[in-house]
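# Descriptive analysis of the structure
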Amino acid sequence: AVNMLWHTLMELRQSEFVPQDMELPILPETEQSGDEDAIFALRLPFSRGTVSVTGKIDRVDLYVRPDGTAFVRVVDYKTGKKDLKLSEVAMGLNTQMLLYLFIVCDNSRRYLENSGELQPAGVLYRQLSDLAVVRSKGDMMQARLKSMCMKGVVLDDPGVIQAMEQDAQGVFIPAKLGKTGEAAGSTVTKKQFMLLRGVVEQLLTGMAEQLMDGDIAALPLKTSDRSPCEWCDYRPVCARDADDPVRTLPDDSNAAVLAALESREEQEGPADGEGEHDGARVDG
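All values reported here derive from a predicted model rather than from experimental measurement.

## Structural notes on the packing of aromatic side chains
Under the counting rule described, the total for this entry stands at two aromatic pairs. Between Phe 17 and Tyr 63 the ring centres are 5.3 Å apart and the planes differ by 40°, which places this aromatic pair in the tilted class. Within this pair, whereas Phe 17 is found in the loop between α1 (2–13) and β1 (18–27), its partner Tyr 63 is found in strand β5 (residues 55–64), the two being separated by 46 residues in sequence. Overall, the relative accessible area of 6% leaves Tyr 63 in the buried class. Ring geometry for Tyr 63 and Phe 71: centres 6.1 Å apart, planes at 20°, overall stacked. Given a relative accessible area of 4%, Phe 71 falls into the buried group.

Quick look at the structure:
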């Protein structure tokens, strides 16, 4: 815990992103009367009603550029190692933090006095457990910082990257700036963030349609090392056999997933959820 606190203080001292909320609840309007700190839940219409996404965000950070453009990132604390693999997102896994980021963007009035918009700047995972650094002749402080670098994705804007990390060398965040000032590492463009928003919103409404249709077939998504059936509490009820069909998770890189999304958009046009979002909901 001491190492984690030290690392957090080191990171925040040199970052222009400032924490605005901790443990921020996301609630439907009907449940916000007793919680003035909550922000509005995301509501997605589908053929038979509305899907409402609620939750709680560990940390919300804000950065306002001198020209007034505001950027927001969400940070999730994890006891173990965690990264954002877009191949998993495309299959319906690990969509939570991206959804939280988009929900915060839709609640811009909580953070901005005018009617400006919040731009998505990143999703980051911070590991809570202390990480041991093997003693060597190298720089122990740099080794310790590197071992606790946050995972996730950030906007490819060089100014935003430098606002997250003053020296932009990838010590605190999974991105850096090259010698000529170009963004490198785990980055996405603003357009790609919107494409990802379309993907996760389509996944949610698609799940709602399936449930309302009574489609509850046991077709788990198997990863390279294990199946979710191994920890499912309802396995005795499901009675699924080990050799029954499964879905498999492709081992595509983030770049390959983003390229596929952009190619699909060129062929099919904008997906639902990729268009403009007003971001004008008023907090309770």
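Next comes the rest of the write-up.
## Examining unusual backbone geometry
At Glu 23, a residue that is not glycine, the phi angle is positive and equals roughly 50°. In this structure, Glu 23 sits in strand β1. In the Ramachandran plot, Ala 168 falls in the positive-phi region, its phi being about 50° despite a non-glycine side chain. Note on placement: Ala 168 falls in the loop between α5 (158–164) and β9 (175–177). Relative accessible area serves as the criterion here: at 2%, Ala 168 is assigned to the buried category.

## So, the environment of Thr 248
In this fold, Thr 248 is placed in strand β13 (residues 247–248). Using a relative accessible area of 57% as the deciding quantity, one classes Thr 248 as exposed. A C-alpha to C-alpha distance of 5.6 Å links Thr 248 and Leu 221, two positions 27 residues apart in sequence. Ignoring any residue separated from it by four or fewer positions in sequence, one finds Thr 248 in contact with Met 91, Leu 221 and Lys 222.

## Quick word on the nonpolar core
Grouped together as the largest cluster of nonpolar side chains are 64 residues, with contacts concentrated most on Val 104, Leu 118 and Phe 193. Examining the composition of this core, we find that nine residues originate from one element, helix α3 (residues 96–106), more than from any other. The contacts of Val 104, once residues within four sequence positions are left out, are Ile 39, Ile 57, Val 60, Val 72, Val 74, Tyr 111 and Leu 118.

## Details of the confidence of the model for the protein
On average, residues of the protein score 85 in pLDDT, and 83% of them are at 70 or above. Throughout residues 275–284 the model reports pLDDT below 50, and contacts reaching past four residues in sequence, or to other chains, amount to 27 contacts.

## Concerning the pattern of salt bridges
Scanning the entire structure with this criterion turns up 13 salt bridges. Put simply, Asp 213 and Arg 48 hold a salt bridge, and the shortest N to O gap is 2.2 Å. Here Arg 48 lies in the loop between β3 (42–46) and β4 (49–53) and Asp 213 lies in the loop between α6 (190–212) and β12 (221–222), a separation of 165 residues in the sequence. Judged by relative accessible area, which is 52%, Asp 213 ranks as exposed. Here Glu 265 ties to Lys 191 by a salt bridge, and the two come within 3.1 Å at their closest N and O atoms. Highlighted residues: Glu 265 in helix α8 (residues 254–268) and Lys 191 in helix α6, separated in sequence by 74 residues. Residue classification places Glu 265 among the buried residues on the basis of a relative accessible area of 15%.

Definitions and limits used
- Every chain is numbered on its own, with residues counted from 1 as its sequence reads.
- Side-chain atom pairs in this predicted model are given and counted only at pLDDT of 80 or more, local residue features only at pLDDT of at least 70, and totals for whole chains, interfaces and linings cover all residues.
- Hydrogens are left out, water is left out, and the side-chain values use all remaining heavy atoms of the structure.
- Only the six-membered ring of Trp is used, alongside the rings of Phe and Tyr, when aromatic pairs are assigned; centres must lie within 6.5 Å, and planes under 30 degrees apart are stacked while those over 60 apart are edge-to-face, with the rest tilted.
- The helix and strand labels rest on DSSP assignments: H or I over at least four residues marks a helix, E over at least two residues marks a strand, and numbering proceeds from the N terminus.
- Burial classes: relative accessible area under 20% of the type maximum marks a residue as buried, over 50% as exposed, and values in between as partly exposed (1.4 Å probe, protein chains only).
- The contact criterion used throughout is that any non-hydrogen atoms of two residues lie within 4.5 Å.
- Throughout, nonpolar core names a set of buried Ala, Val, Leu, Ile, Met, Phe, Trp, Tyr and Cys residues whose side chains join them through atoms within 4.5 Å.
- Predictor confidence is given residue by residue as pLDDT, running from a minimum of 0 to a maximum of 100.
- We count a salt bridge whenever a side-chain nitrogen from Lys or Arg sits within 4 Å of a carboxyl oxygen from Asp or Glu.

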